[in-house]
Amino acid sequence: MAESQLRALAAEITKLADSFATSLQEKGLPEASFSVDSPISHKGITAEMFMTRQTLSDKLTDMWYLVQGPSESIYNYVHNVIPDAACLNVLNHFNFWEAVPLEGSASYSEIAEHVSLPLDVVTRLVQHATTLRLFEEISSSQVKHTSRSAALAQQAGLQALVSSVLDITGAPMVSTLDSFMAPFDMAMSSALEKYSKGKPELTQDMSETAFALFHSTGPLGKKHTNSWEYLENDGEGDRRGWRQAKFVEFMKYLKDIFHLEGIVLDSYDWQAAGKSTVVDVGGSAGHDAILLARKYPDLKLIVQDMPMVKPVFEAELPDDVRDRVSFVEHDLYQPQPTQADIYIFKLILHDNSESECAKILKALTPGLRPGNRVIVIEYIGKVDEGESESESDAKKEPLPLSIRQMGTATDLRMMAIFNAKERPAEAYRSIFKAADERFDIVSLKADPLTFFAVIEAVWRG
Ligand SMILES: C[S@@+](CC[C@H](N)C(=O)[O-])C[C@H]1O[C@@H](n2cnc3c(N)ncnc32)[C@H](O)[C@@H]1O
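For the protein, an unreviewed UniProt entry supplies the name O-methyltransferase C-terminal domain-containing protein and the organism Xylaria hypoxylon.

Peer 1: So what's going on with the overall build of the protein? Which residues, and what values?
Peer 2: Counting its regular elements, the protein contains 20 helices and ten strands. For 461 residues, the compact-globule estimate of 2.2 N^0.38 gives 23 Å, and the C-alpha radius of gyration of the protein, at 24 Å, lies within 12% of that figure. Each of the three principal axes of the protein carries a C-alpha extent, and together these read 70 × 60 × 55 Å. Of the roughly 23300 Å² of accessible surface on the protein, a fraction of 54% belongs to carbon and sulfur atoms. For the protein, the centre of its 45 positive side-chain charges and the centre of its 66 negative side-chain charges are spaced 4 Å apart.

Peer 1: Run through the sheet that holds strand E1 (residues 106–107), naming residues and quoting values.
Peer 2: Read from one edge of the open sheet, three strands run E1-E3-E2, paired in antiparallel fashion. For this open sheet the edge positions go to E1 and strand E2 (136–137), each flanked by a neighbour on one side alone. Sheet analysis places E1 next to strand E3 (residues 142–144), joined by two bridges and oriented antiparallel. Directly across from Ser-107, in E3, lies its bridge partner Gln-142.

Peer 1: Just give me the short version of the nonpolar core, but keep the residues and values in it.
Peer 2: Counting residues in each nonpolar core, the largest one holds 42 residues, and the members touching the most others are Trp-270, Leu-292, Leu-299, Leu-301, Val-325, Ile-377 and Phe-452. With five residues, helix H15 (residues 287–295) is the largest single contributor of residues to this core. Two domains share this core, each providing at least three of its residues, namely domain 1 (5–68) and domain 4 (258–459). Setting aside its immediate chain neighbours within four residues, Val-325 contacts Ala-289, Ala-293, Leu-301, Val-303, Phe-313 and Leu-317. In terms of nonpolar packing, the next biggest core, distinct from the first, is built from 29 residues, Tyr-343, Leu-349, Ile-360 and Ile-380 among them.

Peer 1: Can you break down the site of the ligand residue by residue, with the values?
Peer 2: The ligand sits among 19 residues. The nearest are Gly-282, His-287, Asp-305, Asp-331 and Lys-346. Within the backbone of Gly-282, one N or O atom sits 2.7 Å away from a nitrogen atom of the ligand. Considered on its own, the ligand offers 590 Å² of accessible surface; in the complex 95% of this is hidden by protein. Elements represented by at least two residues in the shell around the ligand include exactly helix H12 (242–257) and H15. When residues of the shell around the ligand are assigned to their parent elements, the largest contribution, three residues, is made by H12. Residue composition of the shell around the ligand, grouped by class: eight nonpolar, six polar and five charged.

Peer 1: Describe the environment of Asn-372, naming the residues involved and giving the relevant values.
Peer 2: Secondary-structure assignment places Asn-372 in the loop between helix H17 (354–362) and strand E8 (373–379). With 87 residues separating them along the chain, Asn-372 and Trp-459 place their C-alpha atoms 5.4 Å apart. Discounting residues that sit within four places of it in the chain, Asn-372 has contacts with Gln-339, Ala-340, Asp-341, Gly-367, Ala-457, Val-458 and Trp-459. Polar side-chain contacts of Asn-372 include one of 3.4 Å to the backbone oxygen of Ala-340.

Peer 1: Residue-level account of the confidence of the model for the protein, with values.
Peer 2: With 93% of its residues at a pLDDT of at least 70, the protein reaches an overall mean of 91. Across residues 179–184 the pLDDT falls below 50, and counting only partners more than four positions away or on other chains, this stretch makes ten contacts in the model. Scored below 50 in pLDDT, residues 388–392 makes one contact in the model with residues more than four places away or belonging to other chains.

Peer 1: Requested: an account of the packing of aromatic side chains, with residues and values cited.
Peer 2: Throughout the structure, instances matching the rule amount to 16 aromatic pairs. Measuring from centroid to centroid gives 5.7 Å for Trp-228 and Phe-418, while their planes differ by 20°, and the two rings are stacked. Here the residue Trp-228 occupies a position in helix H11 (residues 227–233), and Phe-418 occupies one in helix H19 (residues 401–418), the gap between them amounting to 190 residues. Pairing Phe-247 with Phe-250 gives two aromatic rings, centres 5.4 Å apart and planes at 90°, and the pair type is edge-to-face. Of this pair, Phe-247 and Phe-250 are both found in helix H12, three residues apart, which corresponds to roughly one turn of the helix.

Peer 1: Account for the pattern of salt bridges, naming residues and giving values.
Peer 2: Counted under the stated rule, the structure contains 20 salt bridges. Salt-bridge contacts for Lys-255 lead to Asp-288; the nearest nitrogen and oxygen are separated by 3.9 Å. Here Lys-255, found in helix H12, pairs with Asp-288, found in helix H15; they are 33 residues apart in sequence, far enough to count as distant. We note that Lys-255, like Asp-288, is buried. With a shortest N-O distance of 2.8 Å, Arg-429 and Glu-426 are connected by a salt bridge. The class of Arg-429 is partly exposed, set by a relative accessible area of 37%.

Peer 1: Explain the sheet that holds strand E9 (residues 439–447) to me, using residue names and the numbers behind them.
Peer 2: Across a sheet, strands are paired by hydrogen bonds formed along the backbone, either parallel or antiparallel in direction. One open sheet holds the seven strands; their spatial order is E6-E5-E4-E7-E8-E10-E9, and the pairing between them is mixed. Edge positions in the sheet fall to strand E6 (325–329) and E9, since each of these pairs with one other strand and no more. Sheet twist, expressed as the average angle between the axes of neighbouring strands with direction ignored, equals 20°. Both E9 and strand E10 (residues 452–459) contribute to a ladder of eight bridges, which runs antiparallel. What sits directly across from Ala-446, in E10, is Ala-453.

Peer 1: Provide a residue-level description of the packing of helix H7 (residues 147–154) against helix H8 (residues 156–174), including the pertinent values.
Peer 2: Two elements in contact, H7 and H8, have axes separated by 5 Å at closest approach and are oriented at 100°. Of the possible angle classes, the one that applies to H7 and H8 is roughly perpendicular. Contact residues: Ala-151, Leu-152, Ala-153 and Gln-154 in H7; Ala-156, Leu-158, Gln-159 and Val-162 in H8.

Procedures and definitions
- Residues numbered from 1 in each chain as written.
- Predicted model: local features only at pLDDT ≥ 70, side-chain atom pairs only at ≥ 80, totals over all residues.
- Heavy atoms only, no water.
- Helix = DSSP H or I, 4+ residues; strand = E, 2+ residues; numbered from the N terminus.
- Rg over C-alpha atoms; globule rule 2.2 N^0.38 Å.
- Areas by Shrake-Rupley, 256 points an atom, 1.4 Å probe, with all protein chains shown as cover.
- Lys, Arg positive; Asp, Glu negative; His and termini not counted.
- Charge placed at Lys NZ, Arg CZ, Asp CG, Glu CD.
- Pairing = 2+ DSSP bridges.
- Core = buried A, V, L, I, M, F, W, Y, C linked by side-chain atoms within 4.5 Å.
- Buried < 20%, exposed > 50% of the residue type's maximum accessible area, 1.4 Å probe, protein only.
- Domains from an automatic or database assignment.
- Contact = heavy atoms within 4.5 Å.
- Near = heavy atom within 4 Å.
- Polar contact = N/O pair within 3.5 Å; in protein donor to acceptor, adjacent residues only side chain to side chain.
- Nonpolar A, V, L, I, M, F, W, Y, C, P; charged D, E, K, R; others polar.
- pLDDT = per-residue confidence, 0-100.
- Phe/Tyr/Trp six-rings, centres within 6.5 Å; stacked < 30°, edge-to-face > 60°.
- Salt bridge = Lys/Arg side-chain N within 4 Å of Asp/Glu carboxyl O.
- Axes fitted to C-alpha atoms, helices over the stretch in contact; angles between N-to-C directions.
- Parallel < 35°, antiparallel > 145°, perpendicular 65-115°, else oblique.

Rendered as structure tokens:
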């Protein structure tokens, strides 16, 4: 009898789960569970434990595919993926998380009253959510939190992540455009059909994205040309800017989950920078500028971002750095108005196509003086692609699919929203070169396990 692949996979899963559980124990870290008192995340795991966890995730996914078989695994995926995402989005939008106490439980009627939706709708949504281990039914009318729904109840940043990612990309990536170009119905297919089919490369025009197509021709009937403009302008009256505030929260949350404080602090020898002026271009509500200001009292920091970010910056700026951190509204595609020693671009360029990136960097050049620096801190979704072709690298184990997927998923989101892409760190060399030959790249560091690259360029003048 042929060896069972299922059994072999199960054995690997057992081994990897044992290794992960043992290393958690050795480090004194608690295991996650489904109960409300579970740790919210596996904070403190080492790089090696992270790799074990992701390899285990790969094996579990393979097991899922294999036990269902090729066609049913696809059918089941397609059947669930949109209702799963929509259910999470609706629960988040109406803040179901708050409707159930962390300790104890709530009835469906109590939840319905809290979220102001019909009882039948609430019951159906929560019943689907329980299949995703979000809430648990403890009787036919009563539900309590699981660790996953409790994590959302406890973390405004996680709520902001769900809302920002699903609201911005959900509809443009998967929604149907009303009888537009049938049979290519989904907005992303329609955008590719309309703007890129038959061409050697994806269009780099930000007005030719799935996002722009959805928002200009879709059922919302609005005219948002790109997602930044949507974040700025969605909402009437006092509500305008609410999406920017959520996005700021999302960015702060990303900083926590990717441990970006260390990356920002190590991105340059800030001590040696002395009394420098630093501009954080697209610096959100200043979370990185505040970090640097607190650690390096000689630095003066200017945060530049879009107008609706300013009220969030002003509300959140701590008193201890008020004299050294300020906010200036500035469109990063326009000539840079501020003379500084160092310009930071963190998580800006991967939101842009090559030609837009070159435009952004070029916008700095009229005011640059020799020796001025540009620090690019960038998510590198395509970590193991085109980095090096040495023989030892060729023999390296490929990264687990679950890690690659973090990059490929972001990459497709970038395609749908901006016609941009995830790039290997090396690609930033040619982006600087295309912007201006007088930028010298003096350092380029990429760490696949942090998913981040830091590129430092000096203006030769
Ligand atoms: C992905 S976020 C990165 C934020 C911050 N640098 C960080 O790492 O947390 C991109 C930022 O660029 C800002 N942005 C986008 N387009 C802009 C523009 N045309 N002018 C100025 N800021 C812009 C957004 O408002 C947002 O804060």
